[in-house]
Amino acid sequence: MDLGGINPVILIATLMASAVPILLAALGEAVVERAGVLNLGVEGMMIIGALGGFVVAVETGSPVLGFVGGAVAGAALSLIFALLTQVFLANQVATGLALTLFGLGVSSLGGQGYNGIKPPATGQLLPDALADLPVVGPILFGHDWVVYFSIAMTAVLWWVLKATRIGLIIRAVGESHEAAHALGYKVNRIRLMCIAFGGAMAGIGGAYVSLARVPQWVDGITAGAGWIALAIVVFASWKPWRVLIGAYLFGGITVLQLNLQVAGSGIPVEYLSMAPYLITILVLVIMSAGRRGKANGAPAALGQNFHASR
Amino acid sequence: MGASPHTPGIFVDRKWGVVVLRLEKRPTPSKFWLYATPPVAVILTMIAGGCLFAAMGKNPFEVIRTIFWDPVFGEFAFYLRGQLLVKAGPLILIAIGLALGFRAGIWNIGAEGQYIMGAIFGAAVGLAVFPTENRLIFPVMVVAGAFGGWLWAMIPAILKTKFNTNEILVSLMLVYVAETILAKASTGFLKNPEGMGFPGSRNFSSYPAAANPELIAGSGLHWGGVAALVTGVLAYILLTRHQAGFQIRLAGQAPRAARFHGVSPARLVVMCMGISGALAGMAGLFEVTGPAGQISIDFNTGYGFTAIIVAFLGRLNPLGIVLAGFLMALTYVGGEMASTNLGLPDAAIQVFQGMLLFFLLAVDVLTNYRFRLAVGAH
Amino acid sequence: MKRRTLLASAAMGLMLASGAFAQGMEKVKACFVYVGPIGDGGWTYQHHQGALAVQEKFGDKVEIQYQENVPEGADAERVLTQMALGGCNIIFTTSFGYMDATNAVAAKFPDVKFEHATGFKREHPNVSTYNARFYEGRAVQGTIAGRMTKSNKIGYIGSFPIPEVVMGINSYYLAAKKVNPNVELSVVWAFTWFDPAKEADSAKALIDQGVDVIASHTDSTAVLAEAAKTDGKVIGFGQASDMAEYKDGPRVSSIIDNWGPYYIERVQALLDGTYAQSDVWAGIKGGEVLIGEITDKVPPEVKAEAEKVRDDIAAGTLHPFTGPINKQDGSPWLAEGATAPDGDLLGMNFYVEGITGDIPQ
């Protein structure tokens, strides 16, 4: 199959890898928001994860440890957010934005001396024999392990949120913290753990940028991916599989528009350049128009802080 | 009221069960802490930031003085004081509009895009009639700028009211669309025909009828600053005296009660998004015709996002926002001086700004809560 | 205006206090305004290397100051004013977007020298401009690209459709076409200066459609990193800095922005009292554009050919834009043997004949 020089198989394989950072960060943020917390600091946590992952991978020589480092770094930064919003009951929107500012600054300071280094490679997971199969090879078998991890996490979170007790508690806390508290759940502690989880996921997403997508460290490497991740969570109505669809849609159109440029489609470049954003809006409009009148799925307590004595 | 025994203790491990620091809601917000928290936060930031700067091998006292003192009272304060106003003006103007929406639970995250579109619309009107000199040109441009921002904000507003589409996503995505249009304007339809093919529009400083110069020499005050201060007062009156202000507050605090009072959610969305979009658009117009001077690829510098922080630092109160806007401006201008004169990396200033925000947001808790030492409260 | 006199007198006071101008100076305070962070590994990094070269050369006789991440427009004007007030003797503004701010501040500080990179406005006697002929380096890259491509498809990743970038694309294409008439060029516009992930995606899109030599005019090494994933099938070039870490991989050569010599020359002139307003647009010859080592991946005869292009340009016997050249629409631009006037190059907003696609405008 060939559409004007664009091979759809390669396109799909490419978008699966290019969507990973946004997908991981958005999955983490979806859990955070399901617990009723709006953390706008995703970009900050991603870039700290990108640096943390890079530094650990370079120092230890192990990319896997690098991703662990990214997760730890992202989670550590998110704990500042957790401390401020859960203990000091600070406004979540402003704290999240401050976290992004802080994260960008810290990563830039900490990254001095790591420019121009190549990290150890994160290679293809499965043998070439599988990856070279026609059509299914590149799409199903040709990726590094993080791509599979991101899909697995989507499934796991879907299951956890839908079918487990932990998921039920998280959702209860996000829908009505008063009720959850009355039932004896420690609202702030549960939220704190969700925030740390979200930080870790954003960190791994960031580490994927600096270790696999663009294997290098430069200031500002995530270049706004965290903001897209935030939008994807909303796009997905806080549901894991829809996060995957949203991330693939956005990543897919980004890749497609670049391919159309190469293929000389004749569509003006600036319209192609806007396409990922406009089409995401359009799809969301179509999806939400179908559910008109009903709630759009936002957790009821989103963005509100909880204090037990209230 | 009454603290429940489940209130989490902090600072002291609860297992010890001897002394527990507990957070307790005040019956009424503390007037004292309302005013005392900002200075306390600034002092805490100075201490923490000082440690950071010392760790980087700089004299912490010198850095702190450069950031907080020099722009206002230092050798070059005659110039820098005005610059504070230049920097604070757009932040205040945008933040006030956003605060109205935030109070009503309407999340316009895309003020940056509305700011860009306001600048493009307004500039396009001015450039279309170049080089006509007429007193009406600038006022018409201001209206066009407000209209551009309003129009860009109406997209998420209409989509929300008609299709129940989340405004966070739409307004945020439209920022990127606006940035692409900005690039197109700079390299295409608004490009300076006498600019040797370089990107960017004509500079408004050489087109008096469309320019937004300093009103009082050396003050840094241009029409944008005037608009910011006037808007602050108007917003204050709107919120405290006017029916619409009551509706906004009610919708944010008790959405169901608001509906009983006949507040139409759709009308509220259109109104709040419209006001914030128009104000952001005006801010863009004042910036492009004044301090920035021209439409260029990198015209926008994040005022639309920073304004969100300013809105909350000001506790969504117009007068608070004016103060918060100046504080943010001070950290930018002072931070820049510290960076230039003392050789601090720009990133250190970002970290310092982040810390200041953290402390301001954290200490704020004392306004509504108090810490209680409870002995044997396990 | 009152503000101007106020500023001017303040500046005058400083000047008198230091008692240094006209007849050379004891000590120069040289200041630099950067558009990005020093850690960008490209444009700003290279300017900072130039600043460090000045410091190293003159030691105690110069004091260096710089400011990173300065947005264009109002913020640039403030930083410049502050630097001038703070006693800078010469200020280098290292991005095109500082053009109007540089000239506006220069008007208020007639005794401070302003040096604006990549612009054309010199509205006051204390404003000079400087730029580098990067298109000369593109001709060397194009020669390598034309010879090395097996698919006859070469690619170019552009940031924004501005003359500086268009000039590079044309030069690259013409040089490739000269050695390989079958070559086809695909251009991708990223619409960003810096977004490593998007730059990588752009490279991937080119590679997926059969392009095997990629040049880029964005800031990061992401393009080379993406090429490195193809096991040697795709090659590319270092941009702005040498990007030597990819020497054992896809990087076969590079264009290095080398500002040090110019900065040293200007500061030296100020110290000597021989400083004069100028408009410098130097290239390979002046040492502002360095061609990074051509690696062994390139066969010796191609390497020799590319080096000859480099040396001929340096010697002045070859101009990358030498007629006959038609514009994309077939209309004549340069007649047989004619070379492009600098004015045409600086404002270049058209593709040459043979390039497909449109420049977004």
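Q: How would you summarise the domain arrangement of chain C if you had to cite specific residues and measurements?
A: Reports of interface size often rely on the accessible area that becomes lost once the parts have come together. All names here are of chain C. For chain C, the assigned domains are domain 1 (2-132) and domain 2 (135-256 + 289-346). Computed from C-alpha coordinates alone, the two centres of domain 1 and domain 2 are separated by 32 Å. Taken residue by residue, the interface counts seven residues in domain 1 and seven residues in domain 2. Buried surface at the junction of domain 1 and domain 2, summed over both partners, amounts to about 590 Å²; 53% is from carbon and sulfur atoms. Per-residue buried area on domain 1 facing domain 2 is highest for D40, Q46 and A132; these three make up 51% of the total on that side. At the junction of domain 1 with domain 2, the criterion picks out zero salt bridges.

Q: Residue-level account of helix α4 (residues 63-87) of chain A, with values.
A: In an α-helix, one full turn covers 3.6 residues, which means residues spaced three or four apart are oriented alike. For α4 of chain A, built from 25 residues, the straight-helix expectation of 36 Å at 1.5 Å per residue is met to within 8% by its first-to-last C-alpha distance of 35 Å. Just downstream of α4 of chain A, L89 of chain A is the residue with a positive phi angle, here 55°.

Q: Describe the state of the cysteines, listing the residues and the values that go with them.
A: Residue and element names in this part refer to chain C. One pass over the structure, following the stated rule, counts one disulfide over all chains. One disulfide in the model links C31 with C88; its S-S distance is 1.9 Å. The S-S bond linking C31 to C88 shows a torsion near -80°; that makes this disulfide left-handed. Linking C31 in strand β1 (residues 28-33) with C88 in the loop between α3 (74-85) and β3 (90-93), this pair joins segments that are 57 residues apart in sequence.

Q: For the interface of chain A and chain B, give the residues involved together with the corresponding values.
A: Residue-level contacts link 51 residues of chain A with 49 residues of chain B. Between chain A and chain B, roughly 4500 Å² of surface is buried when both sides are summed, and carbon and sulfur atoms account for 78% of that area. The interface formed by chain A and chain B holds one salt bridge in total. In this structure, K184 of chain B engages E270 of chain A in a salt bridge whose closest nitrogen and oxygen atoms are separated by 2.6 Å. Seen at the junction of chain A and chain B, the total is five residue pairs in polar contact (both at pLDDT 80 or more). Secondary-structure elements contributing two or more residues to the side of chain A that touches chain B are α4, α5 (92-110), α12 (225-235) and α14 (269-290) of chain A. Classifying every residue of the side of chain A that touches chain B by side-chain character gives 32 nonpolar, 14 polar and five charged.

Q: Any chance you could break down the interface of chain A and chain C for me, citing the residues and the numbers?
A: If you look at the interface, chain A gives 29 residues, while chain C gives 32 residues. Buried area between chain A and chain C, summed over both chains or domains, comes out near 2600 Å², and the portion from carbon and sulfur atoms is 55%. Connecting chain A to chain C are two salt bridges. For the salt bridge of D201 of chain C with R213 of chain A, the shortest nitrogen-to-oxygen distance reads 2.8 Å. Elements that contribute at least two residues to the side of chain A that touches chain C include exactly α1 (8-18), α11 (187-213), α13 (240-263) and α14 of chain A. Of all the elements, α13 of chain A adds the most residues to the side of chain A that touches chain C, at eight residues. When the residues that make up the side of chain A that touches chain C are grouped by side-chain class, the tally is 13 nonpolar, twelve polar and four charged.

Q: Please set out the sheet that holds β3 of chain C residue by residue, giving values where relevant.
A: All names here are of chain C. The strand order across the open sheet built from six strands is β2-β1-β3-β4-β5-β11, with neighbouring strands paired in parallel fashion. Strands with a single pairing partner mark the edges of an open sheet, and in this sheet they are β2 (62-67) and β11 (279-282). Each neighbouring strand pair of the sheet contributes to a mean axis angle of 15°, computed without reference to strand direction. Judged from the four bridges that link them, β1 and β3 form a sheet pairing that is parallel. Paired with A30 across the bridge in β3 is I90.

Q: I'd like to hear about the pattern of salt bridges, residue by residue, with values.
A: Residue and element names in this part refer to chain C. Evaluation of the coordinates by the stated rule reveals 24 salt bridges over all chains. The partner of R78 in a salt bridge is D75, with the nearest N and O atoms 2.7 Å apart. Here D75 and R78 lie together in helix α3, a separation of three residues that amounts to about one turn. Pair check on accessibility: R78 and D75 agree, each one buried. Between E305 and R147 there is a salt bridge, and its shortest N-O distance comes to 2.7 Å.

Q: Describe the sheet that holds strand β8 (residues 213-216) of chain C, naming the residues involved and giving the relevant values.
A: All names here are of chain C. If you trace the six strands from one edge of the open sheet to the other, you get β7-β6-β8-β9-β10-β12, paired in mixed fashion. Only two strands of the sheet have a single neighbouring strand rather than two, namely β7 (184-189) and β12 (289-292). Looking at each pair of strands side by side, their axes are set apart by 15° on average, direction ignored. The sheet contact formed by strand β10 (residues 251-257) and β12 spans four bridges and is antiparallel. Note that in β12 the partner of S254 across the bridge is G292. Together, β6 (153-158), β8, β9 (235-240), β10 and β12 form the strand contacts of helix α5 (residues 134-148), whose direction differs from that of β10 by roughly 175°.

Q: Hey, could you go over the pairing of strand β4 (residues 113-117) of chain C for me, with residue numbers and the actual values?
A: All names here are of chain C. For β4, the buried fraction is high: four of the five residues fall into the buried class. Strand direction decides the pairing type here: β3 and β4, joined by four bridges, are parallel. Each residue of the ladder has a partner; that of I91, found in β4, is F114. Remark: the β3/helix α4 (residues 99-108)/β4 crossover connection has right-handed handedness.

Q: Outline the nonpolar core, listing residues and values.
A: Core analysis: the largest hydrophobic core is formed by 228 residues, its most contacted members being F53, I94, I120, L169 and I295 of chain B together with I91 and F114 of chain C. Those residues in contact with I295 of chain B that lie beyond four places of it in its chain are A119, I120, A123, L182, A185, S186, L190, G200, S201 and V288 of chain B. Core analysis: the second largest hydrophobic core is formed by 87 residues, Y172, A175, Y262 and I284 of chain C among them.

Q: Requested: an account of the packing of aromatic side chains, with residues and values cited.
A: With the rule as written, the count across this model stands at 44 aromatic pairs over all chains. Relative to F96 of chain C, the ring of F198 of chain B lies with its centre 4.8 Å away and its plane at 20°, an arrangement referred to as stacked. Here the residue F198 of chain B occupies a position in the loop between α6 (167-187) and α7 (223-241), and F96 of chain C occupies one in the loop between β3 and α4, the pair thus bridging two chains. Given the relative accessible area of 10%, F198 of chain B is considered buried. Here the basic side chain of K87 of chain B rests over the ring of Y332 of chain B, its NZ or CZ set 4.9 Å away from the ring centre.

Q: Let's hear about the packing of helix α3 (residues 77-103) of chain B against helix α12 (residues 318-342) of chain B: which residues, and what values?
A: Residues and elements named next belong to chain B. At a minimum axis separation of 7 Å, α3 and α12 run at an interaxial angle of 135°. With respect to α12, the axis of α3 lies oblique. Considering the relative orientation of α3 and α12, their crossing is right-handed. Contacts between α3 and α12 involve L80, Q83, L84, L85, K87, A88, L91, I92, A95, I96 and A99 from the former and I321, V322, G325, F326, M328, A329, L330, Y332, V333 and M337 from the latter.

Q: Tell me about the environment of H48 of chain C, and please be specific about residues and values.
A: All names here are of chain C. Relative to the elements of secondary structure, H48 occurs in helix α2 (residues 43-58). Measuring from C-alpha to C-alpha, the distance between H48 and Y275 comes to 22 Å, with 227 residues separating the pair along the chain. Excluding residues within four positions of it along the chain, H48 makes contact with Y34, I38 and Y66.

Q: Explain helix α5 (residues 137-163) of chain B residue by residue, including any values.
A: Residues and elements named next belong to chain B. Compared with the 39 Å implied by 1.5 Å per residue over 27 residues, the 38 Å span of α5 between its first and last C-alpha is a close match. At M154, α5 shows its maximal bend, which comes to roughly 30°, and the proline P156 appears one to four places after that position. Once α5 ends, the next one or two residues include N164, with phi positive near 60°.

Q: Could you give an account of a nonpolar patch on the surface, with specific residues and numbers?
A: Residues and elements named next belong to chain B. Taken together, V230, V233, L234, Y236, I237 and L319 make up a surface patch of nonpolar side chains, about 520 Å² in accessible area. Top element by residues in the nonpolar patch is α7. It accounts for five residues. Mapped onto the elements, L319 comes out in helix α12. The exposure class assigned to L319 is partly exposed, which follows from its relative accessible area of 43%.

Q: Before we move on, can you summarise the side chain of E43 of chain A with the specific residues and values?
A: Residues and elements named next belong to chain A. Secondary-structure assignment places E43 in helix α3 (residues 42-60). Put simply, E43 is tucked away with no salt bridge, and the nearest opposite charge, on R213, sits 12 Å away. One polar contact links the side chain of E43 to the main-chain amide nitrogen of A225, over a distance of 3.2 Å. For E43, the contacting residues outside a window of four places in its chain are T100, T222, A223, G224, A225, G226 and W227.

Q: Pulling in residues and values, what's your account of the packing of α12 of chain B against α3 of chain C?
A: In contact at an axis separation of 11 Å, α12 of chain B and α3 of chain C are set at 50° when each is read in the N-to-C sense. The pairing of α12 of chain B with α3 of chain C is recorded here as oblique in orientation. In this structure, α12 of chain B crosses over α3 of chain C, and the sense of that crossing is right-handed. Contacts between α12 of chain B and α3 of chain C pair V333, E336, M337 and T340 of chain B from the former with R78, V79, Q82 and M83 of chain C from the latter. Of the residues that constitute the contact of α12 of chain B with α3 of chain C, the class distribution is four nonpolar, two polar and two charged.

The rules behind these values
- Along each chain, residues carry numbers from 1 onward, in the same order as the chain's sequence is written.
- Written order determines the labels here, with chains lettered from A and ligands numbered from 1.
- In view of the model being predicted, local features appear only for residues whose pLDDT reaches at least 70, and side-chain atom pairs are presented and counted only at 80 or more, with totals across whole chains, interfaces and linings using the full set of residues.
- Based on all heavy atoms of the structure, the side-chain values leave hydrogens and waters out of the count.
- Just so you know, the domain bounds were taken from an automatic or database domain assignment.
- Whether two residues touch is decided by their heavy atoms; if any such pair falls within 4.5 Å, the residues are in contact.
- For any pair of parts, buried area is found by adding up, for both, the accessible area (1.4 Å probe) each one loses once the two are put together.
- For this document, the term salt bridge refers to a Lys or Arg side-chain nitrogen within 4 Å of an Asp or Glu carboxyl oxygen.
- The secondary structure listing takes helices from DSSP runs of H or I that are at least 4 residues long and strands from runs of E that are at least 2 residues long, numbered from the N terminus.
- To estimate the expected span of a helix, count its residues, drop one, and scale the result by 1.5 Å.
- Note on disulfides: each one is a pair of cysteine sulfur atoms within 2.5 Å.
- Two N or O atoms count as a polar contact when they lie within 3.5 Å, although within protein this holds only if one can serve as hydrogen donor and the other as acceptor, and sequence-adjacent residues are included solely when both atoms are side-chain atoms.
- Put simply, Ala, Val, Leu, Ile, Met, Phe, Trp, Tyr, Cys and Pro go in the nonpolar bin, Asp, Glu, Lys and Arg in the charged bin, and everything else, Gly too, in the polar bin.
- Two strands are counted as paired when DSSP detects at least two bridges linking them.
- Helix axes are fitted to C-alpha atoms over the stretch in contact, other axes to C-alpha atoms as well, and angles between N-to-C directions run from 0 to 180 degrees.
- Think of it in three bands: residues with accessible area under 20% of the maximum for their type are buried, residues over 50% are exposed, and the middle band is partly exposed, with areas taken using a 1.4 Å probe on protein chains only.
- If the strands point away from the viewer and the path from the first strand over the helix to the second runs clockwise, then the crossover is right-handed.
- We call a set of buried Ala, Val, Leu, Ile, Met, Phe, Trp, Tyr and Cys residues a nonpolar core when their side-chain atoms join them within 4.5 Å.
- Pairing of aromatic rings covers Phe, Tyr and Trp, the last through its six-membered ring, and needs centres within 6.5 Å; plane angles under 30 degrees mean stacked, over 60 mean edge-to-face, and all others mean tilted.
- Sitting over a ring, as applied to charges here, requires NZ of Lys or CZ of Arg to be within 6 Å of the ring centre and within 35 degrees of the ring normal.
- Note that the term roughly parallel is reserved for angles under 35 degrees, roughly antiparallel for angles over 145, roughly perpendicular for angles of 65 to 115, and oblique for everything else.
- Handedness of a helix crossing follows the sense of rotation of the near helix relative to the far helix, less than a right angle counterclockwise being left-handed and clockwise being right-handed.
- To obtain the bend at a residue, axes are fitted to the seven residues ending there and to the seven starting there, and the angle between these axes is taken.
- Residues form patches when they are more than 30% accessible in relative terms and have no salt bridge. Like charges link within 9 Å. Nonpolar side chains (Val, Leu, Ile, Met, Phe, Trp, Tyr) link within 5 Å.
- All accessibility values rest on the Shrake-Rupley procedure with a 1.4 Å probe; residue burial counts only the protein chains present in the view.
- Neither His nor the chain termini are counted; the positive set is Lys and Arg, and the negative set is Asp and Glu.

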